[in-house]
Amino acid sequence: MAAAAAAAAASGSGTPREEDGPAGEAAASQPPAPTTAPGARLSRLPLARVKALVKADPDVTLAGQEAIFILARAAELFVETIAKDAYCCAQQGKRKTLQRRDLDNAIEAVDEFAFLEGTLD
């Protein structure tokens, strides 16, 4: 029963979903886990450039490949998040093109971006 409660909590509601079986267990027809295609890149940012940026910091002496990958992935997620928030600001202005003021509005509206206030000035 704990598995049913965990599945219900993960789905965002307190009740089992319709796809769940009579015991609240998920149906066997779940979509397969996403797989990467051969040759697909795990990072959209060039790791050599990220490594060069990391090495430009005089406080960094060594940076492993895993650390470089994690930093690149974190940067991707950060850019994706702020771009989505800025796009929402553009949509409120009935526009599809992002402008600087959209980034400013996203920075002001989202508490997590407070450290960026004043950086675009």
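Being a predicted model, the structure only gives us computed values, none of them experimental.

Q: Got a sec to walk through the confidence of the model for the chain? Specific residues and values, please.
A: Per-chain confidence: the chain averages 78 in pLDDT, with 67% of residues scoring 70 or above. Within the model, pLDDT remains below 50 along residues 1-21, and this stretch shows ten contacts once partners closer than five positions in the same chain are excluded.

Q: Summarise the packing of helix H3 (residues 65-92) against helix H4 (residues 100-109); cite the residues concerned and give the values.
A: Each packed pair of helices is defined by two parameters, the angle between the axes and the distance between the axes. One can describe the packing of H3 onto H4 by two numbers: an axis separation of 8 Å at closest approach and a directional angle of 110 degrees. Judged on the interaxial angle alone, H4 and H3 are roughly perpendicular. As H3 runs across H4, the sense of the crossing is right-handed. Contact with H3, carried on its side by Ile82, Asp85, Ala86, Cys89 and Ala90, involves Asp102, Leu103, Asn105, Ala106 and Ile107 of H4 and no other residues of that element. Its residues placed into classes, the contact of H3 with H4 shows seven nonpolar, one polar and two charged.

Q: Any chance you could break down the side chain of Ser43 for me, citing the residues and the numbers?
A: Note that Ser43 resides in the loop between helix H1 (2-10) and helix H2 (47-55). Judged by its relative accessible area of 4%, Ser43 is buried. Among the polar contacts made by the side chain of Ser43, one reaches the main-chain carbonyl oxygen of Leu45 at a distance of 3.2 Å. Of note is the side chain of Ser43, whose polar atom sits 2.7 Å from the side chain of Glu76. In this structure, Ser43 is in contact with Phe69, Ala72 and Glu76, ignoring residues within four places of it in sequence.

Q: Which residues make up the side chain of Asp102, and what are the values?
A: Mapping Asp102 onto the fold places it in helix H4. If we skip the residues at most four places from it in the chain, Asp102 touches Ala86, Cys89, Ala90, Arg95 and Thr97.

Q: Before we move on, could you go through the packing of aromatic side chains and cite the residues and values that matter?
A: Evaluation of the coordinates by the stated rule reveals two aromatic pairs. Seen from their ring centres, Phe78 and Phe113 are 5.9 Å apart, and the 90 degrees between their planes marks the pair as edge-to-face. Residue Phe78 is located in helix H3, and its partner Phe113 is located in the segment after H4; the two are separated by 35 residues in the primary sequence. Owing to a relative accessible area of 4%, Phe113 belongs among the buried residues under this scheme. Here the aromatic rings of Phe78 and Phe115 are separated by 6.2 Å at their centres, their planes lie at 40 degrees, and the arrangement is tilted. Highlighted residues: Phe78 in helix H3 and Phe115 in the segment after H4, separated in sequence by 37 residues. One aromatic cluster is present, built from ring pairs that chain together Phe78, Phe113 and Phe115.

Q: Tell me about the packing of H2 against H3, residues and numbers included.
A: Remark: H2 packs on H3, axes separated minimally by 9 Å, with the N-to-C direction vectors making an angle of 100 degrees. Relative to H3, H2 is oriented roughly perpendicular. For the pair formed by H2 and H3, the contact residues are Leu47, Val50, Lys51 and Val54 on the first element and Gln65, Ile68, Phe69, Leu71 and Ala72 on the second.

Q: Can you break down the environment of Ala67 residue by residue, with the values?
A: Among the secondary structure elements, Ala67 is positioned in helix H3. Separated by 13 residues in the primary sequence, Ala67 and Val54 have C-alpha atoms spaced 9.9 Å apart.

Cut-off values and rules
- Residues numbered from 1 in each chain as written.
- Predicted model: local features only at pLDDT ≥ 70, side-chain atom pairs only at ≥ 80, totals over all residues.
- Heavy atoms only, no water.
- pLDDT = per-residue confidence, 0-100.
- Contact = heavy atoms within 4.5 Å.
- Axes fitted to C-alpha atoms, helices over the stretch in contact; angles between N-to-C directions.
- Helix = DSSP H or I, 4+ residues; strand = E, 2+ residues; numbered from the N terminus.
- Parallel < 35°, antiparallel > 145°, perpendicular 65-115°, else oblique.
- Left-handed = near helix turned anticlockwise from the far one by under 90°.
- Nonpolar A, V, L, I, M, F, W, Y, C, P; charged D, E, K, R; others polar.
- Buried < 20%, exposed > 50% of the residue type's maximum accessible area, 1.4 Å probe, protein only.
- Polar contact = N/O pair within 3.5 Å; in protein donor to acceptor, adjacent residues only side chain to side chain.
- Phe/Tyr/Trp six-rings, centres within 6.5 Å; stacked < 30°, edge-to-face > 60°.

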